[in-house]
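Structural characterization, general
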Amino acid sequence: MHPDSVKGKYTMNDSPITALKGVGSKSAQLFAGLGVSTVEDLVRFYPLRFIPYEKMISIEEAHTGESVAVCASLVRSPHTIRAGALKITEARIEDFSGKLRCVWYNSPYIASGLNPDEEYVFAGTLVSKKMGIYLEHPLIYKKDEYASLAGRLRPVYRTVKGLSQKLISKAVRAALESYAFGEDYLPVDIIERYDLPEYRDACIKMHLAENISDVNAARRRLVFDEFFNFIYSISRLKGEGNKTESGFVIDTSGIAEEFTSNLSYELTADQIRTVNEIFCDISSGKVMNRLIQGDVGSGKTVVALMAMYAAWRNGYQSIIMVPTEVLANQHLRTCERIFAGFEDKPELILLTGSLTAREKDAVRTDIASGRPCIIIGTHALIQSGVQLNNVALAVTDEQHRFGVRQRQSLSIREKPPHVLVMSATPIPRTLAVILYGDLDISMIITKPQGRLPVKNAVIGAKERGKAYRTILNEINAGHQAYIICPMVEESEAVDAENVIDYTEKIKGIFPENIVIQFLHGRMRQEEKDNIMCSFAGGSTNILVSTTVIEVGVDVPNATVMMIENAERYGLATLHQLRGRVGRGDDQSYCIFVRTNDSEIAKQRLEVVGRSNDGFFIASEDLRLRGPGEILGQAQSGQMHFELADIFNDAEILKLADDCCRYVETEDFRPDDDELIRFRRHMEDYRDKRLINLSI
Ligand code: ADP
Ligand code: MG
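Residues numbered from 1 in each chain as written. Chains lettered and ligands numbered in written order. Predicted model: local features only at pLDDT ≥ 70, side-chain atom pairs only at ≥ 80, totals over all residues. Heavy atoms only, no water.

**Considering the overall build of the protein chain**
Put simply, the test is: Only DSSP runs of H or I reaching four residues or more are called helices, and only runs of E reaching two or more are called strands; each is numbered from the N terminus. Between the two quantities, the radius of gyration covers C-alpha atoms and the globule rule is 2.2 Å times the number of residues to the power 0.38. Categorising residues by exposure relies on relative accessible area from a 1.4 Å probe, with only protein chains included: less than 20% of the type maximum marks a residue as buried, more than 50% marks it as exposed, and the intermediate range marks it as partly exposed. Here a residue-residue contact requires only that any non-hydrogen atoms of the pair lie within 4.5 Å.
Of the regular secondary structure elements, the protein chain holds 24 helices and 23 strands. By the compact-globule yardstick of 26 Å for 695 residues, the protein chain fits well, its C-alpha radius of gyration being 28 Å. The buried share among the 695 residues of the protein chain stands at 54%. Considering only residue pairs separated by 6 or more positions, the protein chain has 73% of its internal contacts joining residues 24 or more positions apart.

As structure tokens, this is what we get:
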């Protein structure tokens, strides 16, 4: 419930959406699949983007790849065929200039009520696919209805099969009408000072914008709210004094020398500085809360391991938590490799989902015994009730969420452990300082010496042959390759490469002795692991995979990555994916296959093709985003902002930060009612949002 609605009183806000006119139980079920169940949810179910209603053109003028609106009538009534699980409905339409095919997926009734003698407006994208040239999933409007919309903006919502954009729009309108907005929780003072629209107006405009400046103003307010609520609450937490808590004292003398003398490479200056900062913290007697920020491949793991080794030397346990089992196993192998040459090796304990129940119990008992060791596991398992009795250091890897809350979800007996969070999200220090206000920050900026920058190429589908030759050359030189496909298996609705068919296809292209395996998220954990192991061990030459390998995977011998349908990924994802190569001393290559001719696809791929710099890529993203784009990028998604994008909304982030300081000054003088609303809202936010972040 939005905290402005009157508490205690019955309001529409918490009602199930079936209370709204025109929303039946069937649509409600579909909405539930989108996480929308109450009227409030619907009000906050912001569109993904807005697109202008197209100017009407004649069929003759329509070009493939464009979104078009044509005024036409049905040549004959629509018919539906089944193709596997898919229902494909087809209709032919015509206007004075020509005829056109329309295709809808799984919407057999969409065109059924149409009068064959009347003209309608069909608005959709003209595509050229396996089934020929057709208008894909056009929306249908009455002629005069469309005339009143032309030139305005159409919201596009996230949806599921069976739930049309029209139906969502209608439900949202009904929700906005019955929603009790109450008074704004931000005092007038703040609204004026930062030139923000009121919450209510912003919310309404976010769905019913008439033009781009409406969208921008509304979005500005909502993004401001997201940042402000977050920073304000985090800074409160910090004020509550984690900093001064007394923690484990870890004696670090001699550790760095001992550890590095066993390493096969020299640490970089940034790595050394980071180790020093960590060692300073963990020997100080106060609890460490530190973030290591470093782009992919900058060498964060070894830094964390040194600290873990120090904890072990002092007779303590330490844990490293990772998001996937593949990563947990990889870290185990890295530890085994690094510690191989040590006289005295720490005991390594792996805790992942694929252990049997009995094995898990045994591991849990081991951990609870408090025996000094290094524990490697997935977040999920370590956070589910393992007794941590002697853990002096907790590391979270590839974790873009918030460290400070993490600790509270661990079952810790006595003293709180030192916390180290490792993130590859490329944000400038100034922003990191604001967002991770509760953490101290170490940055690893320079990559290990001798690393050659990855060479990039953006190619068209016709040039695949060249790419395969590059891959084969690398394999012949003793290296390995990744090929990334967007899909797991064949789908009629999506025209993109899939891991399973692709693997078969290239087995026929590469010589027989080349070992090709595939990997995707739907495989059993054990299977995934075996495949990763055999790739890491060098016995697989080519790994065809979905983005499951996006985070953290480290196989330095892999020197080529080929990304199919590269235009389908966000720039941040492409950058993370590419981070899987260029991890050793050899020259690496990344080949982006572009299968879409649109100008924007070209420009976006040019950005990753031209630069290996995460900061640059993120900032170019801003430039290339259309004015109607609303939702933040994946990288802020990981930070749990709905709309806000840490990079692209940096200016608003700074305003919100400024506001957090302003409300602490004498100048901020809300009246009593305002203050009560403000406080109540912030408490509510903290209870609902911050606590939820802990898993
Ligand atoms: P990330 O920061 O992305 O987690 P990793 O810690 O996985 O990166 O390191 C990437 C690769 O670089 C690993 O293979 C690691 O062994 C290697 N590496 C780390 N530090 C150095 C260094 N100082 N010199 C050479 N190689 C290094
Ligand atoms: Mg890593």
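**Some thoughts on the site of ligand 1**
Worth spelling out the cut-off: One heavy atom suffices: a residue is near a molecule or strand as soon as one of its heavy atoms comes within 4 Å of it. Throughout this description, a polar contact denotes any pair of N or O atoms lying within 3.5 Å of each other; where both atoms belong to protein, one of them has to be capable of donating a hydrogen while the other can accept it, and for residues adjacent in sequence the pair is counted only when both atoms sit in side chains. To measure how exposed things are, a 1.4 Å probe is used in the Shrake-Rupley method; for residues, cover is taken only from the protein chains shown. Boundary definitions for the domains trace back to an automatic or database domain assignment.
In the vicinity of ligand 1, 16 residues are found, and the nearest of them are Glu 266, Gly 297, Thr 301, Arg 451 and Arg 583. At 3.4 Å, a backbone N or O of Ser 298 approaches an oxygen atom of ligand 1. Separating an oxygen atom of ligand 1 from a side-chain N or O atom of Asp 554 is a distance of 2.9 Å. Taking 570 Å² as the accessible area of ligand 1 by itself, protein coverage stands at 89%. Both of domain 2 (255–444) and domain 3 (455–611) provide at least three residues apiece to the shell around ligand 1.

**A few points about the domain arrangement of the protein chain**
Much of the literature gives interface size as the accessible area that the parts lose upon coming together. Splitting the protein chain by domain gives domain 1 (54–150), domain 2 (255–444) and domain 3 (455–611). Domain 1 and domain 2 are separated by 56 Å when their C-alpha centres are compared.

**Looking at the packing of helix H10 (residues 300–313) against helix H11 (residues 325–339)**
Spelled out, the test is: Interaxial angles span 0 to 180 degrees and are taken between N-to-C directions of axes, which are lines fitted to C-alpha atoms, for helices over the stretch in contact. Oblique is the label for every angle not falling under 35 degrees (roughly parallel), over 145 degrees (roughly antiparallel), or within 65 to 115 degrees (roughly perpendicular). Two helices cross in a left-handed way if the nearer one is turned anticlockwise from the farther one by less than a right angle. They cross in a right-handed way if the turn is clockwise.
Between H10 and H11, the shortest axis-to-axis distance is 12 Å and the interhelical angle comes to 65 degrees. One finds that H10 runs roughly perpendicular with respect to H11. For the pair H10 and H11, the sense of crossing is right-handed. Contact with H10, carried on its side by Thr 301, Val 302, Leu 305 and Tyr 309, involves His 331, Thr 334, Cys 335, Ile 338 and Phe 339 of H11 and no other residues of that element.

**Remarks on the sheet that holds strand S20 (residues 516–519)**
Under the convention used in this document: Paired strands, in this sense, are two strands between which DSSP finds at least two bridges.
Spatially, six strands are ordered S18-S23-S22-S19-S21-S20 in an open sheet, and the strand pairing comes out parallel. Both edges of this open sheet fall to strand S18 (455–460) and S20, since each of them pairs with a single strand only. Looking at each pair of strands side by side, their axes are set apart by 20 degrees on average, direction ignored. Sheet topology note: the strand S19 (residues 480–484)/strand S22 (residues 558–563) ladder contains five bridges and is parallel. Within the sheet, the bridge partner assigned to Ile 483 lies in S22 and is Met 562. Helix H17 (residues 499–507) contacts S19, S20, strand S21 (542–545) and S22 of the sheet and is inclined by roughly 175 degrees relative to S20. Across the sheet, helix H18 (residues 525–536) lies against S19, S20, S21 and S22, angled at about 135 degrees from S20, the strand it touches most.

**A look at the nonpolar core**
The criterion, for reference: We define a nonpolar core as any set of buried Ala, Val, Leu, Ile, Met, Phe, Trp, Tyr and Cys residues linked to one another through side-chain atoms lying within 4.5 Å.
Among the nonpolar cores identified, the biggest contains 73 residues, and Leu 20, Phe 31, Leu 42, Leu 186, Phe 224, Phe 227 and Phe 228 are the most heavily contacted of them. Among the elements that line this core, the one with the most residues is helix H7 (residues 212–239), at 10 residues. In contact with Phe 228, other than residues within four places in its own chain, are Tyr 185, Leu 186, Ala 656, Cys 659, Cys 660, Val 663, Phe 678 and Met 682. Among the nonpolar cores identified, the runner-up in size contains 43 residues, and Ile 278, Ile 292, Val 303 and Ala 311 belong to it.

**Focus on the side chain of Thr 540**
When you line up the elements, Thr 540 lands in the loop between H18 and S21. One polar contact links Thr 540 to Gln 517, side chain to side chain, over a distance of 3.2 Å. If we skip the residues at most four places from it in the chain, Thr 540 touches Gln 480, Val 515, Gln 517, Ser 534 and Phe 535.

**Comments concerning the packing of aromatic side chains**
Geometry of an aromatic ring pair is reported as the spacing of the ring centres plus the angle between the planes. Rule in force here: Stacked, tilted and edge-to-face pairs are distinguished by plane angle, under 30 degrees for stacked and over 60 for edge-to-face with tilted covering the rest, among Phe, Tyr and Trp rings (Trp via its six-membered ring) whose centres lie within 6.5 Å. Here, a charge over a ring means that NZ of Lys or CZ of Arg falls within 6 Å of the ring centre while also lying within 35 degrees of the ring normal.
Counted by the stated rule, this structure contains 23 aromatic pairs. Measuring from centroid to centroid gives 5.8 Å for Tyr 662 and Phe 668, while their planes differ by 65 degrees, and the two rings are edge-to-face. Through a chain of ring-to-ring contacts, three or more aromatic side chains come together here, namely Tyr 194, Phe 224, Phe 228, Tyr 232, Tyr 662, Phe 668 and Phe 678. Of note, Lys 166 hangs over the ring of Tyr 141, and the distance from its end group to the ring centre comes to 5.0 Å. Over the face of the ring belonging to Tyr 662 we find Arg 193, whose NZ or CZ atom lies 3.9 Å from the ring centre.

**What to know about the sheet that holds strand S12 (residues 374–378)**
Read from one edge of the open sheet, seven strands run S11-S12-S10-S14-S16-S9-S17, paired in parallel fashion. Edge positions in the sheet fall to strand S11 (348–351) and strand S17 (440–444), since each has one partner strand and no second. For this sheet, the mean angle separating the axes of adjacent strands, direction not counted, is 20 degrees. As defined by bridge partners, strand S10 (residues 317–322) adjoins S12 across five bridges and the pair is classed as parallel. Bridge pairing links Ile 319 to Ile 375 in S12. On top of the sheet, H11 reaches S10, S11 and S12; it is set at about 170 degrees to S11, its chief contact. The strands that helix H12 (residues 357–368) touches are S10, S11 and S12; relative to S11, the one it contacts most, it runs at about 135 degrees.

**Focus: H17**
Here is the rule: In this context, the arc is that of the directions from the helix axis out to the C-beta atoms.
Buried residues of H17: Val 499, Tyr 502, Thr 503 and Ile 506, and no others. All buried residues of H17 lie within an arc of 100 degrees about the axis, which places them on one face of the element. On its buried side, H17 packs onto helix H16 (464–476), S19, S20, S21 and S22. Regarding H17, its N-cap is Asn 498, as a side-chain oxygen of that residue lies 3.2 Å from the backbone nitrogen of Ile 500 further along.

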